[in-house]
Amino acid sequence: MGLHVIEHPLLQDALAVLRDRSTGTAAFRAALARAGALLFQEASAGLPTEAGSVETPLGRAEVRRLRPGVLTLVPVLRAGLGMLEGVLPMVPGARVAHVGVRRDEETAEPSEYYRNLPASAAGTVAFVLDPMLATGGTLLETVGILDAAGMAEIRVLSVVAAPEGVRALRGAFPEVEVFLAALDGGLDARKYILPGLGDAGDRCFGTEP
Ligand code: URA
């Protein structure tokens, strides 16, 4: 598995906003969208393009366009939606498949509660959006679903990961590429990433207890 920790200054700047406990919902949402877009910019390198040509105001120019239908965005509900917000404007016509995997707050075990994965997604490159790769449980479940659905390739975009989650994903799906803004130190007793950024879903949607 390829692990890519992206040091781009704009991504690190967004991460600083996300980590700061004093960041409110609106600023958190905007920074999560920005982080999603910047991770997608890196993770989408190498996607196939098609040659074409257009008339500029001054003449003919050869152009390359992203090949239609090559990718599927897969936000993991709920926090992945915050990243999707930044990614979609870059690929406005992209297919979006939804996977809902929640983790039990007591056991940290994942369970799937929603899936909308069209048959047309098979054979495409899946970009899984989930800001937190903690134990890896949620992503293992999601990647398993996508693998079984016949995706050509699976790339995972997370803002912060713990080594435990990276190890679990690498062990089960060595071919998956992972793109991160930061690899943190580990997990606390509740399986939250340390220092992390707290509960990404709650902070993004203003549902903090
Ligand atoms: N999910 C989160 O939102 N934060 C963590 O630290 C771990 C899982």
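Data block above holds the structure.
All of these numbers come straight from a predicted model, not from anything done at the bench.

K.L.:
Could you give an account of the side chain of Asp-130, naming the residues involved and the relevant values?
P.N.:
Within the secondary structure, Asp-130 is located in the loop between β8 (125-129) and β9 (132-133). In this structure Asp-130 comes out as buried when scored by relative accessible area, which is 9%.

K.L.:
I'd like to hear about the pattern of salt bridges, residue by residue, with values.
P.N.:
Applying the stated criterion across every chain yields a total of 7 salt bridges. Across the pair Arg-67 and Glu-50 runs a salt bridge whose closest N-O atoms are separated by 3.9 Å. Taken together, the residues Arg-67 in the loop between β3 (59-66) and β4 (71-77) and Glu-50 in strand β2 (residues 49-56) connect sequence positions 17 residues apart. Across the pair Arg-78 and Asp-202 runs a salt bridge, and its minimum N-O distance is 2.8 Å. Of the two residues, Arg-78 sits in the loop between β4 and α3 (80-87) while Asp-202 sits in helix α6 (residues 200-205), which places them 124 residues apart along the sequence.

K.L.:
Any details on the site of the ligand? Residues and values, ideally.
P.N.:
Lining the immediate environment of the ligand, one finds Arg-103, Met-132, Ala-134, Lys-191, Tyr-192, Ile-193, Gly-198, Asp-199 and Ala-200. Between the ligand and Gly-198 there is a distance of 2.8 Å, counted from a nitrogen atom to a backbone nitrogen or oxygen. When the ligand sits alone it has 240 Å² of accessible area, and the protein chains cover 88% of it. Given that more than half its atoms are within 2 Å of the pocket grid, the ligand belongs to the largest pocket. For the shell around the ligand, the residue count by class is 5 nonpolar, 1 polar and 3 charged.

About the cut-offs
- Residues numbered from 1 in each chain as written.
- Predicted model: local features only at pLDDT ≥ 70, side-chain atom pairs only at ≥ 80, totals over all residues.
- Heavy atoms only, no water.
- Helix = DSSP H or I, 4+ residues; strand = E, 2+ residues; numbered from the N terminus.
- Buried < 20%, exposed > 50% of the residue type's maximum accessible area, 1.4 Å probe, protein only.
- Salt bridge = Lys/Arg side-chain N within 4 Å of Asp/Glu carboxyl O.
- Near = heavy atom within 4 Å.
- Polar contact = N/O pair within 3.5 Å; in protein donor to acceptor, adjacent residues only side chain to side chain.
- Areas by Shrake-Rupley, 256 points an atom, 1.4 Å probe, with all protein chains shown as cover.
- 1 Å grid on protein atoms, 1.4 Å probe; cavity = no way out; pocket = protein on both sides within 12 Å on 5 of 7 lines; lining within 4 Å.
- Sits in = over half its atoms within 2 Å of the grid points.
- Nonpolar A, V, L, I, M, F, W, Y, C, P; charged D, E, K, R; others polar.

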